Amino acid sequence: METTKKPDSESPGLTSSEVPPTGSEEKQFLRFKRLNRILHIVMIVSFMSLALTGMTLKFAYTGWAAFLSRLFGGFESAGYIHRVAAVAMIGIFIAHIVDIVRMKRHHYTSWRSFIFGPDSMVFNRKDLRDLIGNFKWFIGRGPRPAYGRWTYWEKFDYFAVFWGIAVIGSTGLTLWFPEFFTRFIPGWYLNVATIIHSDEALLAVGFIFTVHFFNTHLRPEKFPMDIVVFTGRMTLDELKEDKPEEYEALVKTGKLDVSMVEQYPPIVIRVIRTFAWTALCVGFSIVIWIIYAMLFAYQ
Amino acid sequence: MEELVHTLTNRSRKDARSSFRWLGLVFFAALWLVPAMGQENSDCFACHSDKALTGTKTGKSFPVFIDEKRFGESVHSALTCVSCHTDLEGKELPHAEGLAEVKCGTCHATEQELHAKSLHGKAIARGDALAPRCKDCHGKHDILSAKNRMSPTSVLKVPFLCGKCHTEGSPVTAQRTIHQDHILENFSESIHGQALFKKGLIVAPNCVSCHTPHSILPHTDPASSIARRNIAATCTKCHAQIEVVHRKVIRGELWEKEANKLPACVDCHQPHKIRKVFYTQGMADKDCLGCHERRDLKSSKDGRSLTVKIEELGDSRHQKVSCSQCHSEVSVSHLRPCETITKKVECSSCHAEVAQQYQVSIHGKLVSKNDPNGPTCKDCHGTHSVLGKLSPNSPTFPTNVPGLCARCHREGQKAAARYTGSQHEIIEHYTESIHGKGLMKSGLTVTATCTSCHTPHSVLPKTDTLSSVNRKNVPQTCGRCHHGIEEQFERSIHSVLVSKTDKELPVCNDCHTAHTIRRADETGFKLEIMQQCGRCHEAIAKTYFDTYHGKVSQLGYTKTAKCYDCHGAHDILATADPQSHLSRQNVVATCQKCHAGATRKFAGYLTHATHHDPQKYPFLFWTFWGMTSLLVGTFVIGGIHTLLWLPRALQMKRANRKRMEQENKGKNGNDKEA
């Protein structure tokens, strides 16, 4: 997911990332670099495909599954899509790792400073403080914590992907090549792998399409959606509001001006919104379908 | 052998018999009174009572022993040996070999004469070695009176005596032209034979009653007792005044006087099979058609048409059967011969076997109860136009059978209306079934039609254990065509021959259905069959659907393994059976049918795994609950976090909106000022 790089801010500004009718020439803060935005889009497509095709098997006993399976051109074609998407997902993962290595080489002197620096995705003591502070704020016992570049829930989402790719990817490969893997492991492991693969996928799908959607895109103050992950741009107001610590650090180091870029023209924004809405709808449909399958059609 | 013939007396018909006895006595007295004849029987028996004594003829040795006791019991006991062996008279004893043939005719001249003129006698004259001589029927030294029950010529034994030669497989039937076959069998089943053998009536006729004992002649010989002109006389020897009960056939005494103008007894009552009556054609067809050809002929009772279409008769299978053979109560002597008809046509007169089947069938039972819904012969076969099932125009031709049965069994028709079972829209379903398509679309006349499974005449409800569609009989019924499958099935675990269980074992139609049978390679069938297996194998079917194979099948695709891909279809065996597709020896090969690289470890995949059974599948159970806990835990934490956040976020939104409004107000104010 998101990597250490450009600052960002989340501001209660109503317009959020929308292009303000006036001041369209106003520069915006660049939170995500192009590679990461592209990776996120590819990941959305890949993840949705994996989820939809995979769920047709997991919930094979529902009419929806049969319908979707036909829509994908049959179970074989759906399986093909599933594997292509899986390869894409692994590609994203590799690209990201390569990117991390390159970033460290270009911007940091040592792995230590990279991993434990303020812009790192790795959990640190401040995240624990923020977590506690946030819960206090939830119950009205304190101010909202002053988040840095990455909040603790963003870091959680980021590492969840590492876990997910490891668990779902490895079991998925086993199921993809059972004849090869059963040369080394007993046949019943395929049954175990099936359970792990499908339940972990359910967890991933369920989490992404509810908690992740809410945390990063759907919070009431951002409603209906925050498209920063697609544009990479956010207003300075938002930065000040959401990531005060990062803002201060940028001001202090004088790097803020470097990170200010031109806005996208409205047509690009419209395309992005269309895509985002589609993804959102698919995601919610899947959630509704899962709930229906689990509650009413479980076998 | 020929020189030892001792026959003197002959068993024959009553009148002949007594006179010959007297004749015999006269001979006896004459011989007794001649003292010059010095040869006593005891002289002969001095040698011939030795059981080891043999003679030779044409190089072959044969015993010349004569049982003195049996000779003593015979009708010729009072005669001396030389009375018959006349060539020994006055000769020195012991005598030389090669005695002359005994001439029975010396005493039994009449019989000898009759025999010489008969079929048998003429054959002897021709030198036919198979032709019977006196001794062949009457014996030699042990001749008994025909009244003696022990005699081969006694009433009860005559059929067997004649049957020695006139039986299937004997040299006589094989090498000589005998126009009748199975004479002895037919006779024993005839009313005469039954009376003789079953009822023991010694007055019942045997062979000689009709054929005479000695003057047996072919029926073509005018002198024969069985010649066409004589047969009536022969029969009336017993059946006196038979013409009285034959008014329908003949008029009075004409039968006896000018029998050649009338049908002879045997024209209707076949010789040797007297019980079965066959009426020949030509009796009155023209007379019948004289009226019945008229298109406007109607019954005076109910007004139904009585027209007989002659063109229908011409093509019909009964083309050579005359009207009166079916409409049997006609009286030729009447002006309207048909006025004596009281009953409907009884097909069973000729089609006895089929009629018997029909009578026990559900159709026959309904008819016998006078149920108007019960179909009679003519409802299916038609009347005058009756055609064989091989004729494409026949309603019983394979392609026409479904339509024929549909007349009553189509939904809404009379048979369907009274039917309470589970099969509905039978005709429609059948038409769509593989059998129906084979028959109707592909025109395959060998395809199963209604009658192939239900039989044509023995139609019974499936609850009847005699029914061809009873559970017990279904495999055999289907096996009549699908024999190879039946063989496999009968060795499988589903066969009653293999599995001894109280549970109901499946038969063909449990999986294939009865009337909606589909091709087994059709997608629909392939998917449905899993539900069929699951009806009995409930738990195991359910766990199958938890696996990849099952889930893909559930989605409606047939490419993944289904029950029969692994277990076999008709040849299912217990997995413990080494022959099973899933036995240790065969399971890897079975997996390899789809997974070419399958190994023994691969075959360890649990094809019926469930994560709900901690005893059987602990790994799966704990993996599932581990994963589920992780999932629930993550959602609980994530959910609480989000839900707590929500009210705060809403609060933030309201604050933002307020601030925006104020900013806008300020902006607008500025604009106005500007």
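Residues numbered from 1 in each chain as written. Chains lettered and ligands numbered in written order. Predicted model: local features only at pLDDT ≥ 70, side-chain atom pairs only at ≥ 80, totals over all residues.

A look at the overall build of chain A
So, step 1. Scanning chain A from terminus to terminus reveals 12 helices and three strands.
So, step 2. Buried residues in chain A amount to 38% of all 299 residues.
So, step 3. For chain A, the share of sequence-separated contacts (at least 6 apart) that also reach a separation of at least 24 residues comes to 79%. (Helix = DSSP H or I, 4+ residues; strand = E, 2+ residues; numbered from the N terminus. Buried ≥ 20, exposed ≤ 12 C-beta atoms within 10 Å, placed from the backbone. Contact = placed C-beta atoms within 7 Å.)

A closer look at the overall build of chain B
So, step 1. If you tally the helices and strands in chain B, you get 35 helices and two strands.
So, step 2. Taking all 674 residues of chain B together, 27% fall into the buried category.
So, step 3. Summarising the internal contacts of chain B: among those between residues at least 6 apart in sequence, 51% fall at separations of at least 24.

Here we look at helix 5 (residues 125-138) of chain A
Residues and elements named next belong to chain A.
So, step 1. Compared with an ideal rise of 1.5 Å per residue, which puts 14 residues at 20 Å, helix 5 spans 20 Å between its outermost C-alpha atoms and is within 8% of the ideal.
So, step 2. Check the buried side of helix 5 and you find it contacts helix 6 (152-176).
So, step 3. In the stretch just after helix 5, Gly140 is the one whose phi turns positive, near 75°. (Expected span 1.5 Å × (residues − 1).)

Digging into helix 22 (residues 401-409) of chain B
Side chains three or four residues apart in an α-helix point the same way, a direct result of the helix having 3.6 residues per turn.
Residue and element names in this part refer to chain B.
So, step 1. Listing the buried residues of helix 22 in full gives Val401, Pro402, Leu404 and Cys405. Along the axis of helix 22, the buried positions cluster into a sector of 160°, meaning they face one direction only.
So, step 2. Next to the buried residues of helix 22 lie helix 21 (377-381), helix 24 (426-432), helix 25 (434-441) and helix 26 (450-454). (Arc of directions from axis to C-beta.)

Remarks on the environment of B:Tyr548
So, step 1. If you trace the backbone, B:Tyr548 turns up in helix 32 (residues 548-554).
So, step 2. C-beta crowding within 10 Å serves as the criterion here: with 19 such atoms nearby, B:Tyr548 is assigned to the partly exposed category.
So, step 3. For the pair B:Tyr548 and B:Ala561, spaced 13 residues apart in sequence, the C-alpha separation works out to 9.3 Å.
So, step 4. Dropping the residues within four chain positions of it, B:Tyr548 is found in contact with A:Thr194 and B:Thr560.

A few points about the environment of B:Asn473
All names here are of chain B.
So, step 1. Tracing the backbone shows Asn473 in the loop between helix 26 and helix 27 (474-479).
So, step 2. What makes Asn473 partly exposed here is the crowd of 18 C-beta atoms within 10 Å.
So, step 3. As for Asn473 and Lys462, which are separated by 11 residues in sequence, their C-alpha atoms are 9.4 Å apart.
So, step 4. Excluding anything up to four places from it in sequence, Asn473 contacts Ser467 and Ser468.

Thoughts on the sheet that holds strand 1 (residues 28-30) of chain A
Residues and elements named next belong to chain A.
So, step 1. Spatial ordering of the open sheet is given by 2-1-3, a layout of three strands whose pairing is antiparallel. At either end of the open sheet lies a strand with only one pairing partner, and these are strand 2 (233-234) and strand 3 (260-261).
So, step 2. Here strand 1 runs beside strand 3; their pairing, made up of two bridges, is antiparallel. Bridge pairing in strand 3 places Gln28 opposite Val261. (Pairing = 2+ DSSP bridges.)

What to know about the environment of A:Arg219
So, step 1. As for its position among the elements, A:Arg219 is in the loop between helix 8 (188-218) and helix 9 (228-231).
So, step 2. Since 21 C-beta atoms lie within 10 Å of it, A:Arg219 is described here as buried.
So, step 3. With sequence-adjacent residues up to four places away left out, A:Arg219 is seen in contact with A:Phe214 and B:Ala649.

Quick notes on the packing of helix 1 (residues 34-58) of chain A against helix 12 (residues 266-296) of chain A
All names here are of chain A.
So, step 1. Two numbers describe how helix 1 lies on helix 12: the axes approach to 11 Å, and their chain directions differ by 25°. Put simply, helix 1 runs roughly parallel to helix 12. As for the relative orientation of helix 1 and helix 12, their crossing is left-handed in sense. Residues Ile44, Met48, Ala51, Leu52 and Met55 of helix 1 pack against Ala279, Val282 and Ile286 of helix 12.
So, step 2. Residue classes in the contact of helix 1 with helix 12 are distributed as eight nonpolar, no polar and no charged. (Axes fitted to C-alpha atoms, helices over the stretch in contact; angles between N-to-C directions. Parallel < 35°, antiparallel > 145°, perpendicular 65-115°, else oblique. Left-handed = near helix turned anticlockwise from the far one by under 90°. Nonpolar A, V, L, I, M, F, W, Y, C, P; charged D, E, K, R; others polar.)

A short note on the packing of helix 6 of chain A against helix 8 of chain A
Residue and element names in this part refer to chain A.
So, step 1. At their nearest, the axes of helix 6 and helix 8 sit 9 Å apart, and the two run at 155° to each other. Between helix 6 and helix 8, the angle is such that the two are roughly antiparallel. In terms of crossing hand, the pair formed by helix 6 and helix 8 is left-handed. Contacts between helix 6 and helix 8 involve Trp153, Asp157, Ala160, Gly164, Val167, Ile168, Thr171, Gly172, Thr174 and Leu175 from the former and Leu190, Ala193, Thr194, Ile196, His197, Glu200, Ala201, Ala204, Phe207, His212 and Asn215 from the latter.
So, step 2. Of the residues assigned to the contact of helix 6 with helix 8, the class counts are 11 nonpolar, eight polar and two charged.

A word on unusual backbone geometry
Residue and element names in this part refer to chain B.
So, step 1. The residue Asn370 is not glycine, and still its phi comes out positive at about 60°.
So, step 2. Within the secondary structure layout, Asn370 lies in the loop between helix 20 (362-368) and helix 21.
So, step 3. The backbone phi angle of Glu425 is positive, close to 45°, even though this residue is not glycine.
So, step 4. Residue position: Glu425 is located in the loop between helix 23 (414-418) and helix 24.

Concerning the confidence of the model for chain B
Residues and elements named next belong to chain B.
So, step 1. Mean pLDDT over chain B stands at 83; residues scoring 70 or higher make up 88%.
So, step 2. Across residues 1-14, confidence stays below pLDDT 50; counting only partners more than four residues off in sequence or on other chains, it has 54 contacts.
So, step 3. In this model, residues 32-37 is a region of pLDDT below 50 whose contacts with residues beyond four sequence positions or in other chains number three contacts.
So, step 4. Taken over the whole predicted complex, pTM reads 0.63, whereas the ipTM for its chain interfaces reads 0.86. (pLDDT = per-residue confidence, 0-100.)

What to know about the interface of chain A and chain B
So, step 1. The interface of chain A with chain B comprises 39 residues on the first partner and 43 residues on the second.
So, step 2. Looking at which element gives the most residues to the side of chain A that touches chain B, the answer is helix 8 of chain A, with 16 residues.
So, step 3. Taken together, the residues of the side of chain A that touches chain B break down into 23 nonpolar, nine polar and seven charged.

Structural notes on the nonpolar core
So, step 1. In terms of nonpolar packing, the biggest core is built from 31 residues, with A:Ala51 and A:Val205 touching the most fellow members.
So, step 2. Those elements that place two or more of their residues in this core are helix 1, helix 3 (75-107), helix 8 and helix 12 of chain A.
So, step 3. Of the residues forming this core, the biggest block, nine residues, is contributed by helix 1 of chain A.
So, step 4. The residues touching A:Ala51, leaving out its near neighbours within four places in the chain, are A:Val205 and A:Ile286.
So, step 5. Core analysis: the next-biggest nonpolar cluster, separate from the first, contains 17 residues, A:Tyr189, B:Tyr617, B:Phe624 and B:Met627 among them. (Core = buried A, V, L, I, M, F, W, Y, C linked by C-beta atoms within 7 Å.)

Topic: the pairing of strand 2 (residues 60-63) of chain B
Residue and element names in this part refer to chain B.
So, step 1. Bridge count between strand 1 (residues 54-57) and strand 2: four bridges; the pairing is antiparallel. Looking at strand 2, one finds that Lys57 is bridged to Lys60.
So, step 2. Remark: two residues form the turn of the hairpin made by strand 1 and strand 2, two consecutive strands paired antiparallel; Thr58 in that turn has positive phi of roughly 40°.

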